Amino acid sequence: ALINKEACDLRLLRRAIFGMFGTRQHAVRRARALRLLKRYVDQIDRECNAGAIESLEVLELSGGVATNELDEFSAMLHGVDGAAASRQGSVGIADGIISRLNSYRSDRVALLLTDFPDLHWIVLSALSV
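Residues numbered from 1 in each chain as written. Predicted model: local features only at pLDDT ≥ 70, side-chain atom pairs only at ≥ 80, totals over all residues. Heavy atoms only, no water.

Asks: Would you mind going over the nonpolar core with me for this structure?
Replies: A general trend in soluble globular proteins is that nonpolar side chains are found buried together. Core analysis: the biggest nonpolar cluster contains 20 residues, and Leu13, Ile17, Met20, Phe21, Phe73, Leu77 and Leu101 have the highest contact counts within it. Of all the secondary structure elements, the ones that give two or more residues to this core are helix 1 (2–20), helix 2 (27–47), helix 4 (69–78) and helix 5 (88–113). (Core = buried A, V, L, I, M, F, W, Y, C linked by side-chain atoms within 4.5 Å. Buried < 20%, exposed > 50% of the residue type's maximum accessible area, 1.4 Å probe, protein only. Helix = DSSP H or I, 4+ residues; strand = E, 2+ residues; numbered from the N terminus.)

In structure tokens, the structure reads:
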């Protein structure tokens, strides 16, 4: 369910990118934003494939599990490259989507990294008899 929510919000974020950086003068910024979005989608794909749990555990131990391309994209909205002044509505929508995507990813990664408690396995063993 979380991956479907992420997919829906990614589609909306793509539209917001064109709302913020849709003009010819923003073509370079638009391309950069779309590259960051593509790298985020690639990261989601890696996190959903075989071996993802081991990779996420390594990232968690190194302190890097919370970082992703959305951080750089969010900074792009408000920094020197920002579209905040001229496209406030699109920027506000994009900020909300980024917040939800981070929340969905956090929930999904937490589910992948959470082991069942020992009591869970004991109950399953008892029920199988």
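Asks: Before we go on, may I ask you to explain the packing of helix 1 against helix 4 in this structure?
Replies: To characterise two packed helices, one gives the angle between the axes of the helices and the distance between these axes. Two numbers describe how helix 1 lies on helix 4: the axes approach to 13 Å, and their chain directions differ by 25°. Here helix 1 lies roughly parallel to helix 4, going by the angle between them. As helix 1 packs across helix 4, the resulting crossing turns out to be left-handed. Seen from helix 1, the contacting residues are Leu13, Ile17 and Met20; seen from helix 4, they are Leu70, Phe73 and Leu77. Looking at side-chain class alone, the contact of helix 1 with helix 4 contains 6 nonpolar, no polar and no charged residues. (Axes fitted to C-alpha atoms, helices over the stretch in contact; angles between N-to-C directions. Parallel < 35°, antiparallel > 145°, perpendicular 65-115°, else oblique. Left-handed = near helix turned anticlockwise from the far one by under 90°. Contact = heavy atoms within 4.5 Å. Nonpolar A, V, L, I, M, F, W, Y, C, P; charged D, E, K, R; others polar.)

Asks: In this structure, what is going on with the environment of Asp42? I would like to understand it.
Replies: Structurally, the position occupied by Asp42 is in helix 2. Sequence spacing of Asp42 and Ala66 is 24 residues, and the spatial spacing of their C-alpha atoms is 16 Å.

Asks: Looking at this model, I keep getting lost on a negative patch on the surface. Mind explaining?
Replies: A surface patch of like charges, here negative, comprises Glu54, Glu57, Glu60 and Asp115. As for its position among the elements, Glu54 is in helix 3 (residues 52–62). (Patch = residues over 30% accessible without salt bridge, like charges linked within 9 Å, V, L, I, M, F, W, Y side chains within 5 Å. Areas by Shrake-Rupley, 256 points an atom, 1.4 Å probe, with all protein chains shown as cover. Salt bridge = Lys/Arg side-chain N within 4 Å of Asp/Glu carboxyl O. Lys, Arg positive; Asp, Glu negative; His and termini not counted. Charge placed at Lys NZ, Arg CZ, Asp CG, Glu CD.)

Asks: What is the right way to read the side chain of Arg108 from this model?
Replies: Here Arg108 lies in helix 5. On the basis of relative accessibility, which here comes to 8%, the residue Arg108 falls in the buried class. Excluding residues within four positions of it along the chain, Arg108 makes contact with Leu2, Ile3, Glu6, Ile44, Glu47 and Cys48.

Asks: What am I meant to see in the environment of Tyr40 here?
Replies: Turning to its location among the elements, Tyr40 is positioned in helix 2. Judged by relative accessible area, Tyr40 falls into the buried class, the value being 0%. Residues Tyr40 and Glu69 lie 29 residues apart in sequence; the distance between their C-alpha atoms is 5.6 Å. Side chain to side chain, Tyr40 and Glu6 meet in a polar contact 3.2 Å long. (Polar contact = N/O pair within 3.5 Å; in protein donor to acceptor, adjacent residues only side chain to side chain.)

Worth remembering: the numbers are spatial, not functional.
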